Amino acid sequence: MNVLTRDRAHPVQLLLNGQPRRATTEPRQLLSDFLRHELGLTGTHVGCEHGVCGACTVRVDGVAQRACLLLAMQIDGCAVQTIEGLAAETGGGSGSDSDTLGDLQAAFKRHHALQCGFCSAGILMSAADWLQRVPQPTEAQVREMLSGHLCRCTGYTPIVAAILDVAQARAAAHAAKAGHV
């Protein structure tokens, strides 16, 4: 039995953005701090530290989670995806912007859904998770999903447009693929 003690770091193994990683953490270290300070991934932002603003959203085993509400110890053995790994999942590669950005990221750029960018990573991570479960949302559904995020710059309209644009493009691509099978 592995006993946790507060006065020493403990090992954590995870699959981080598709790559196996191992690091140590204090038992009370938040996942958001662990990602930023121990693993060097600064795309996960810390806003309210109460799970309200959504800026720290990551995916743990495929489900959107607030990294400021999880302890790093809780992700031992899990797959964690941060904004740094989003492009690889959603069609990004290397080369021009359209190759290096995932479809959600490219849509946010196209629709000017990025202002200061502080909330963007969390919104993108939530949208990526949500669009897998709700592939053809209405505007009202997108706005409801976004109610768990605070953005002080955009007024949400361009964010909604970007998410709807991606949903429509994915549906069209799926229909085209189904028609050619």
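The following paragraphs examine the structure supplied in this document. If you're wondering where the values come from, they're calculated on a predicted model, not measured in any experiment.

## Observations concerning the nonpolar core
- Formed by 25 residues in total, the largest nonpolar core has its most connected members in Leu104, Phe108, Leu131, Leu146, Ile159 and Ile163.
- Mapped by element, the contributors of at least two residues to this core are helix H4 (103-110), helix H5 (120-133), helix H6 (139-146) and helix H7 (157-179).
- At eight residues, H5 tops the list of elements feeding residues into this core.
- In this structure Leu146 touches Ile123, Tyr156, Ile159, Val160 and Ile163, once residues within four positions along its chain are discounted.
- With 20 residues, the next largest nonpolar core counts Leu16, Leu39, Cys56 and Val60 among its residues.

## Observations concerning the packing of H4 against H5
- Interaxial distance between H4 and H5 falls to 10 Å at its minimum, and their mutual angle equals 125 degrees. On the basis of the axis angle, H4 is oblique to H5. Our pair here, H4 against H5, has a crossing hand that is right-handed. Contacts between H4 and H5 involve Leu104, Gln105 and Phe108 from the former and Ile123, Leu124, Ala127, Ala128 and Leu131 from the latter.
- Split by residue class, the contact of H4 with H5 holds seven nonpolar, one polar and no charged.

## Here we look at the pattern of salt bridges
- Following the criterion strictly, the structure yields four salt bridges and no others.
- Between Arg133 and Asp129 there is a salt bridge, with its nearest N and O atoms 2.7 Å apart. With Arg133 and Asp129 both in helix H5 and four residues apart, this pair spans about one turn of that helix.

## Remarks on the state of the cysteines
- Enumeration over the complete set of coordinates arrives at zero disulfides.
- Note on Cys119: no disulfide assigned, nearest cysteine sulfur contributed by Cys151 at a separation of 3.6 Å.

## Considering the pairing of strand S4 (residues 63-66)
- Alignment of strand S3 (residues 57-60) against S4, held across four bridges, turns out to be antiparallel. Directly across from Thr57, in S4, lies its bridge partner Arg66.
- Hairpin connection between S3 and S4: a loop of two residues separates the two successive antiparallel strands, and Asp61 in this loop has a positive phi of roughly 50 degrees.

## Thoughts on H4
- All buried positions along H4 are accounted for by Leu104, Gln105, Ala106, Ala107 and Phe108.
- Just downstream of H4 lies His112, where phi reads positive at about 55 degrees.

## Focus: the packing of H4 against H7
- Contact pair H4 / H7: the axes reach a minimum separation of 8 Å and the direction vectors enclose 135 degrees. As the angle between them shows, H4 and H7 are arranged oblique. Remark: the crossing between H4 and H7 carries right-handed chirality. Residue-level contacts link Asp103, Leu104, Ala107, Phe108 and Arg110 of H4 to Ile159, Ala162, Ile163, Asp165, Val166 and Arg170 of H7.
- Here the contact of H4 with H7 is composed, by residue class, of seven nonpolar, no polar and four charged.

## Regarding helix H1 (residues 31-38)
- Regarding H1, the residues found buried are Leu31, Ser32, Phe34 and Leu35.
- In this fold, the buried residues of H1 make contact with strand S1 (10-16), strand S2 (19-25), S3 and strand S5 (79-81).

## Details of the sheet that holds S2
- If you walk across this open sheet you meet the five strands as S2-S1-S5-S3-S4, and the pairing is mixed. Single-partner strands in this sheet number two, and they are S2 and S4. When the angles between neighbouring strand axes are averaged without regard to direction, this sheet yields 40 degrees.
- Direction of pairing for S1 relative to S5: parallel, over a ladder of two bridges. Paired with Leu15 across the two strands is Ala79, which belongs to S5.
- Where H1 meets the sheet, it contacts S1, S2, S3 and S5, and its direction lies at approximately 105 degrees from that of S2.

About the cut-offs
Residues numbered from 1 in each chain as written. Predicted model: local features only at pLDDT ≥ 70, side-chain atom pairs only at ≥ 80, totals over all residues. Heavy atoms only, no water. Core = buried A, V, L, I, M, F, W, Y, C linked by side-chain atoms within 4.5 Å. Buried < 20%, exposed > 50% of the residue type's maximum accessible area, 1.4 Å probe, protein only. Helix = DSSP H or I, 4+ residues; strand = E, 2+ residues; numbered from the N terminus. Contact = heavy atoms within 4.5 Å. Axes fitted to C-alpha atoms, helices over the stretch in contact; angles between N-to-C directions. Parallel < 35°, antiparallel > 145°, perpendicular 65-115°, else oblique. Left-handed = near helix turned anticlockwise from the far one by under 90°. Nonpolar A, V, L, I, M, F, W, Y, C, P; charged D, E, K, R; others polar. Salt bridge = Lys/Arg side-chain N within 4 Å of Asp/Glu carboxyl O. Disulfide = S-S within 2.5 Å. Pairing = 2+ DSSP bridges.

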